[in-house]
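Here's the letter readout for the chains.
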Amino acid sequence: MDEGSDGQGNPSDNPLHKRDSPSPQDRSGSRISKKIHIIGTGSIGKLVAHSLRSLPNPPPVTLLLHKGDNKDAWDASNRTISITTNGITVSRSGFDVELARTGWRSHGKQVSLDEWIHPPPDPGAALAKQPSRPVPDADNTDPIANLIVTVKAPQTIAALEAVRQRLGPLTTICFLQNGMGIVDEVNKEIFPDPETRPQYLAGIITHGVTSDGLFTATHAGQGSISMCIIPREGKEDKYSASAAALLAILRRSPTLTVMGITPTEFLQVQLEKLAANAIINPLTSLIDANNGAILNNNHLTRAIRLLLGEISLVISLLPELKDVPNVKRRFSTQRLEWMVTNLARGTAANVSSMLADVRQGKQTEINYINGYICRRGEEVGVTCFMNYLVTQLVKGKQHVIDAEHSEELPLAFTKNFEAPWTLSKQ
Ligand SMILES: CC(C)(CO)C(=O)C(=O)O
């Protein structure tokens with residue numbers, strides 16, 4: 001689709017067309033900071049950080065680590081991030097590192113360590129009454145100009161809460177995550193006031209990257225990032241100059257291969273990726289097999305069609321796509337099945353990100369994938385039994401494995417105890 005064709009006005013005003021200039025300025029004429037903070041140093045966080053520091057005239061990059069142990073490991077290491085591509089490893093240095101420890105969350109609320117260890121008899125009701133608590137590093141109030149979020153969807157609120165006091169309307173937050181519904185949750189939980197909300201960018205990643213260690217990863221599949229600046233609600237200038245500047249910096253990286261697309265096109269690409277993830281991720285998690293295992297299996301093909309029937313129907317009824325041409329065909333069950341099959345074939349040997357989480361007993365992104373379909377289905381009058389069922393099955397399986405793992409762990413709380421799990425409970 002033409003970038004200027006969906007109501008964004010004159011293409012020359014469109015931030016997608018802006019180039020990175022040496023010292024961009026905002027509307028008041030003050031210089032825009034090129035300093036970039038990255039929260040989440042999983043495989044994607046490492047690839048982005050490494051790619052940014054590989055640029056000629058690279059921007060300053062600060063890694064925000066949420067565990068003291070990881071910061072100690074960084075300090076004791078040669079302080080580089082290494083990425084291996086086609087068997088060649090390149091290390092990059094020059095990163096700043098800060099600690100942004102997350103607090104403990106229970107029933108969607110921040111809790112103290114004591115409450116985490118000794119929950120009240122009715123935790124939901126007791127916690128609902130309490131104001132939210134400061135996070136461990138709340139005394140650091142240095143403003144953050146650009147924040148790239150690469151933690152997984154379920155960890156986003158806790159990660160942003162850890163640096164909440166450093167974010168404001170002049171901040172640009174760039175979300176690089178699987179799943180949908182995260183920005184709405186961030187608005188509800190962290191930035192309810194549209195006036196003081198940061199500007200958002202969002203990206204959909206098709207790179208294949210796997211973590212090999214704390215600060216090392218392998219870039220196995222060259223992909224791209226489709227990216228869009230999310231227009232600001234109720235503001236005259238829908239796109240801030242600083243968001244356009246961050247997009248321009250990211251677009252300079254040949255490794256990341258960032259393409260700016262319009263919000264309408266972005267939404268559709270996001271929904272296509274969501275539909276593929278809503279099949280491959282839960283099915284591979286439930287059968288505990290690589291992506292290719294869902295192909296050429298009559299029983300699983302039936303399950304895939306049942307799920308896709310609901311997904312296709314919900315998408316075709318979404319109000320935000322009402323005036324977009326060709327939605328019915330683009331999201332027909334047949335076309336989605338073709339896309340899922342191609343993706344499963346292309347990544348046949350991969351362990352899906354959800355299966356990797358389930359195997360470790362970690363919280364998965366299911367609430368932001370099949371759970372998102374169920375929620376949107378309710379809004380448009382479609383009850384998604386199939387998607388609800390797989391959501392519960394994946395959660396159930398993760399819970400069983402989590403319980404098995406905790407039975408293996410002796411619980412020893414020492415004076416310097418730092419909880420290894422800083423996630424909210426599902
Ligand atoms: C495309 C796919 C399914 C690749 O494994 C993926 O995005 C994931 O694992 O989350």
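What counts, and where the lines are drawn
Along each chain, numbering runs from 1 in the same order as the chain's sequence is written. Only residues with pLDDT of at least 70 are given local features in this predicted model, and only at 80 or more are side-chain atom pairs given and counted; all residues enter the totals for whole chains, interfaces and linings. With hydrogens and water stripped out, all remaining heavy atoms of the structure feed into the side-chain values. Without a salt bridge and with relative accessible area above 30%, a residue can belong to a patch; like charges are then joined within 9 Å and nonpolar side chains (Val, Leu, Ile, Met, Phe, Trp, Tyr) within 5 Å. Method for areas: the Shrake-Rupley scheme with a 1.4 Å probe, in which residue coverage is limited to the protein chains shown. Salt bridges, as used here, are contacts in which a Lys or Arg side-chain nitrogen is within 4 Å of a carboxyl oxygen on Asp or Glu. Under the scheme applied here, a residue whose accessible area is under 20% of the maximum for its type counts as buried, over 50% as exposed, and between as partly exposed, the area being computed with a 1.4 Å probe on protein chains only. Being near a molecule or strand, for a residue, means having at least one of its heavy atoms within 4 Å of it. Whenever a nitrogen or oxygen atom comes within 3.5 Å of another N or O atom, the pair is scored as a polar contact, on the condition that within protein one atom can donate a hydrogen and the other can accept it, and that pairs from neighbouring residues in sequence are kept only if both atoms are in side chains. Strands here mean DSSP runs of E at least two residues long; helices mean DSSP runs of H or I at least four residues long; both are numbered from the N terminus. The contact criterion used throughout is that any non-hydrogen atoms of two residues lie within 4.5 Å. The rule is simple: put a 1 Å grid over the protein atoms alone, call a set of points where a 1.4 Å probe fits but cannot get out a cavity, call an open set with protein on both sides within 12 Å along at least five of seven lines a pocket, and count a residue as lining if it has an atom within 4 Å of a point. Grid points are joined across faces, edges and corners, and a volume is the space filled by probe spheres set on the points. Throughout, the ten residues Ala, Val, Leu, Ile, Met, Phe, Trp, Tyr, Cys and Pro are labelled nonpolar, Asp, Glu, Lys and Arg are labelled charged, and all others, Gly among them, are labelled polar. As annotated, the domain borders come from an automatic or database domain assignment. One bridge is not enough; two strands pair if DSSP finds at least two bridges between them. Here a crossover is taken to be right-handed if, once the strands point away from the viewer, the path from the first strand over the helix to the second is traced clockwise. Per-residue confidence from the predictor is reported as pLDDT, which spans 0 to 100.

> Outline a nonpolar patch on the surface, supporting the account with residue identities and numerical values.
Together, Leu-306, Phe-385 and Met-386 make up a nonpolar patch on the protein surface, roughly 310 Å² of accessible area in all. With relative accessibility at 48%, the residue Leu-306 sits in the partly exposed group.

> Give me the lowdown on the site of the ligand, citing residues and values where you can.
Near the ligand you find Asn-178, Lys-273, Asn-277, Ile-280, Asn-281, Asn-291, Leu-343, Ser-352 and Ser-353, and these make up its full shell. A distance of 3.2 Å separates an oxygen atom of the ligand from a polar side-chain atom of Asn-281. In this structure, Ser-353 approaches the ligand through a side-chain N or O atom, which is 2.5 Å from an oxygen atom. In the complex, 86% of the free accessible area of the ligand, which totals 280 Å², lies under the protein chains.

> Describe the side chain of Asp-357, naming the residues involved and giving the relevant values.
Considering the arrangement of structural elements, one finds Asp-357 in helix H12 (residues 353-359). Of the residues examined, Asp-357 reaches a relative accessible area of 3% and is grouped as buried. The contacts of Asp-357, once residues within four sequence positions are left out, are Lys-152, Lys-362, Gln-363 and Thr-364.

> Outline the layout of surface pockets, listing residues and values.
If you roll a probe as big as a water molecule over the atoms, it shows you where there is empty space left. Approximately 880 Å³ is the volume found for the second largest pocket. Lining the second largest pocket are 36 residues, with Val-183, Asp-184, Ile-230, Leu-267 and Gln-270 sitting closest to its centre. Those elements that place two or more of their residues in the lining of the second largest pocket are helix H6 (182-189), strand E10 (199-205), strand E13 (225-230), helix H8 (263-287) and helix H13 (370-380). When residues in the lining of the second largest pocket are grouped by element, the largest group, eight residues, is from H8. Along the lines of polarity and charge, the residues of the lining of the second largest pocket split into 19 nonpolar, nine polar and eight charged. When residues of the lining of the second largest pocket are assigned to domains, at least three fall in each of domain 1 (11-101 + 136-261) and domain 2 (266-406).

> Give a detailed account of the pairing of E10, specifying residues and quantitative values.
Within E10, seven of the seven residues are buried, which leaves it mostly tucked inside the rest of the structure. Where burial is concerned, the two faces of E10 agree: the one with Gln-199, Leu-201, Gly-203 and Ile-205 and the one with Tyr-200, Ala-202 and Ile-204 are both buried. The pairing of strand E9 (residues 172-176) with E10 spans five bridges and is parallel. Note that in E10 the partner of Cys-174 across the bridge is Leu-201. The handedness of the E9 to E10 crossover, carried by H6, is right-handed. Pairing analysis gives six bridges linking E10 to E13, with the strands arranged antiparallel. From the neighbouring strand, Ile-205 faces E13, where its bridge partner is Ile-225.

> Pulling in residues and values, what's your account of the confidence of the model for the protein?
Of the residues in the protein, 81% reach a pLDDT of 70 or more, and the chain-wide mean stands at 87. In this model residues 1-13 is a low-confidence stretch, pLDDT under 50, and it forms 22 contacts with partners more than four residues away in sequence or in other chains. Taken as a whole, residues 420-426 scores under 50 in pLDDT and shows 24 contacts with residues more than four places along the chain or in a different chain. Reported confidence for the predicted complex is 0.98 by ipTM and 0.84 by pTM.

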